[in-house]
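Each chain is listed here by its residues.
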Amino acid sequence: MLRRYKPFFRAGAMETLAYKFNIFGWLIVSALQVLCVFFLWIGVYRNSPDEIINGFTLNDMLVYTAFINVFNFVTFAGDTMYSISQDIKTGTIAMSFVKPISYRVRFIFTTLGGFSMNMLLLGLPAFTILYVVFGVLGYIVITSVWMFLLHLLLFVMAQLFAVLLYDCINYICGVLCFYTTAAWGMNAIKDVVLSFLGGTLIPLSFFPGVFKDIVSYSPFAGISQNPVLILIMKMDLLSALKCIALSLGWLCVMELIAWLLFRQASKKVTVQGG
């Protein structure tokens, strides 16, 4: 069965390789963005009477900011939503109803292919460099090699679920294009929600009261913040396991929602071409 989807995995990897020079452009832009955020947090902590704000020291915040920017670029690599929107516009969506493959699984393998190349080309080198630099500066302290390896293993699991959760959200947004052709607007809304509720802009511990608790148990926390906290060892092993289990549960729920939504939307297909 999986043999049917190998070409999609390969296609996702090859597409990433074809546009590999985009990575260098991203590195320049992202480095400037991270630098600006660094100065922002330095200003915040210098004008704060407390050295620790919501569980983060200045050093912790600088580490978190650098890692989460790299993590997001590596993880948020799929273009599932735009592919579905394009299928609807051209009319090729009709072919998905007769092909002997799952329309959803096809996108999962394509996304995983692109993610694997992103991880090899950027993720592994960037994470290694950041760990070495922040380790030398003393911002990250590895007290035990075994503890580090356990956190690394849990991070790999959490990152895989983050990729799948992100692709599922992309898929749901793409299916909503059955009802509206505003793919660009859907993508803008999705990016804002994920950046804000996923902990990219600020850690979720900075949110007030009950809202912080609600967001911490949402699927968005497992897409960005939680894997990064595991990687930089700001989360203990038990909490990491709970977060991974929560992401797995949300993945099952989101995939069910995606399946029901596609089943309903496919009954009222209206395409612009084909």
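Sequence order as written defines residue numbering, which begins from 1 separately in each chain. The predicted nature of this model means local features are confined to residues of pLDDT at least 70 and side-chain atom pairs, given and counted, to a pLDDT of 80 or more, with totals for whole chains, interfaces and linings taken over all residues. Only heavy atoms go into the side-chain values, all of them from the structure, while hydrogens and water stay out.

S.K.: Honestly, unusual backbone geometry in this entry has me stumped. Any pointers?
M.R.: Most peptide bonds take the trans configuration, and most residues that are not glycine carry a negative phi. Despite not being glycine, N54 shows a phi value in the positive range, around 50 degrees. The numbering of helices and of strands both runs from the N terminus, where a helix is a DSSP run of H or I of at least 4 residues and a strand a run of E of at least 2. With respect to the helices, strands and loops of the structure, N54 is situated in the loop between helix 2 (22-46) and helix 3 (58-75). Judged by relative accessible area, which is 41%, N54 ranks as partly exposed. Unusually for a residue other than glycine, M233 sits at a positive phi of about 60 degrees. In this fold, M233 is placed in the loop between helix 9 (225-231) and helix 10 (237-265). Accessible area is worked out with a 1.4 Å probe on protein chains only. A residue is then buried under 20% of its type maximum, exposed over 50%, and partly exposed in between. According to the relative accessible area criterion, M233 is partly exposed, its value standing at 21%.

S.K.: Honestly, the side chain of N226 in this entry has me stumped. Any pointers?
M.R.: Within the secondary structure, N226 is located in helix 9. The exposure class assigned to N226 is buried, which follows from its relative accessible area of 8%. With near-sequence residues (within four places) excluded, N226 lies in contact with A221, M235 and C243. Only heavy atoms matter for contacts: two residues are in contact if any of them lie within 4.5 Å across the pair.

S.K.: What exactly am I supposed to notice about the nonpolar core here?
M.R.: In a soluble, globular protein the nonpolar side chains are often hidden away together inside. In this text, buried Ala, Val, Leu, Ile, Met, Phe, Trp, Tyr and Cys residues form a nonpolar core when linked through side-chain atoms within 4.5 Å. The biggest cluster of nonpolar side chains holds 70 residues, and the ones touching the most others in it are Y64, F67, F127 and Y171. Only helix 2, helix 3, helix 4 (80-90), helix 5 (103-137), helix 6 (145-176), helix 7 (183-197), helix 9 and helix 10 provide two or more residues apiece to this core. If sequence neighbours within four positions are ignored, Y64 has contacts with F56, G199, P203, Q225, V228, L229 and I232. Within the second largest apolar cluster, five residues are counted, among which are L197, L204, F207 and V215.

S.K.: How do you make sense of helix 6 when you look at a structure like this?
M.R.: Side chains three or four residues apart in an α-helix point the same way, a direct result of the helix having 3.6 residues per turn. One less than the residue count of a helix, multiplied by 1.5 Å, gives the span that helix is expected to have. Between its first and last C-alpha, helix 6 extends 46 Å over 32 residues, near the 46 Å set by a 1.5 Å rise per residue. Pairs of N or O atoms are called polar contacts if they sit within 3.5 Å, as long as, within protein, a hydrogen donor faces a hydrogen acceptor (for residues adjacent in sequence, only side-chain-to-side-chain pairs). The N-capping residue of helix 6, defined by a side-chain oxygen 3.4 Å from the backbone nitrogen of W146, is S144.

S.K.: What is the right way to look at the packing of helix 3 against helix 6 in this model?
M.R.: Lines fitted to C-alpha atoms define the axes here, with helix axes fitted over just the stretch in contact, and angles between the N-to-C directions of these axes take values from 0 to 180 degrees. Where helix 3 contacts helix 6, the axes come no closer than 10 Å and their chain directions differ by 55 degrees. Regarding the angle of helix 3 to helix 6, the classification is oblique. Crossing of helix 3 over helix 6 shows right-handed handedness. Listed contacts from helix 6 to F71, V74 and T75 of helix 3 are F155, Q159, A162, V163 and Y166. By residue class, the composition of the contact of helix 3 with helix 6 is six nonpolar, two polar and no charged. Oblique is the label for any angle not under 35 degrees, not over 145, and not in the 65 to 115 range, which are roughly parallel, roughly antiparallel and roughly perpendicular in turn. For any pair of crossing helices, the crossing counts as left-handed if the nearer helix is rotated counterclockwise from the farther one by less than a right angle, and right-handed if it is rotated clockwise. Side-chain classes are defined by residue name, with Ala, Val, Leu, Ile, Met, Phe, Trp, Tyr, Cys and Pro counting as nonpolar, Asp, Glu, Lys and Arg as charged, and the others, Gly among them, as polar.

S.K.: How should the side chain of S224 be read in this particular structure?
M.R.: With respect to the helices and strands, S224 occurs in the loop between helix 8 (209-216) and helix 9. Residue S224 is classed as buried on the basis of its relative accessible area, which comes to 0%. A distance of 3.1 Å separates a polar atom in the side chain of S224 from a polar atom in the side chain of N72. Apart from the residues within four sequence positions on either side, S224 is in contact with I68, F71, N72, F76, G198 and T200.

S.K.: What's the story with the layout of surface pockets in this structure? I'm lost.
M.R.: Roughly 340 Å³ of volume is contained in the second largest pocket. Contributing to the lining of the second largest pocket are 15 residues, with S216, Q225, N226, L229 and M235 lying nearest its centre. Looking at the lining of the second largest pocket, the elements with two or more residues in it are helix 8, helix 9 and helix 10. Considering only residue class, the lining of the second largest pocket consists of eight nonpolar, four polar and three charged. Grid points spaced at 1 Å and placed over the protein atoms alone form the basis of the search, with a cavity being a set where a 1.4 Å probe fits but cannot get out and a pocket an open set showing protein on both sides within 12 Å along at least five of seven lines. Lining residues have an atom within 4 Å of a point. Grid points are joined across faces, edges and corners, and a volume is the space filled by probe spheres set on the points.

S.K.: Any chance you could explain the confidence of the model for the protein here in plain terms?
M.R.: Detail in the predicted coordinates should be disregarded across regions flagged by low pLDDT. Values of pLDDT, the confidence the predictor places in each residue, fall between 0 and 100. Summing up the model confidence of the protein, the mean pLDDT is 85 and the portion of residues at 70 or higher is 91%. The secondary-structure element of the protein with the lowest mean pLDDT is helix 1 (residues 6-18), recorded at 74, while helix 9 shows the highest, at 95.

S.K.: Mind showing me how you'd approach the packing of helix 6 against helix 7 here?
M.R.: In helix packing, the relevant descriptors are the interaxial angle and the interaxial distance, both defined with respect to the helix axes. Following both chains from N to C, one finds helix 6 and helix 7 inclined at 150 degrees, their axes separated by 10 Å at the closest point. Here helix 6 lies roughly antiparallel to helix 7, going by the angle between them. When the axes of helix 6 and helix 7 are compared, the crossing they make is right-handed. Each of Y166, I169, N170, C173 and L176 in helix 6 lies in contact with helix 7, whose residues at this interface are M186, K190 and L194. Among the residues making up the contact of helix 6 with helix 7, the classes are represented as six nonpolar, one polar and one charged.

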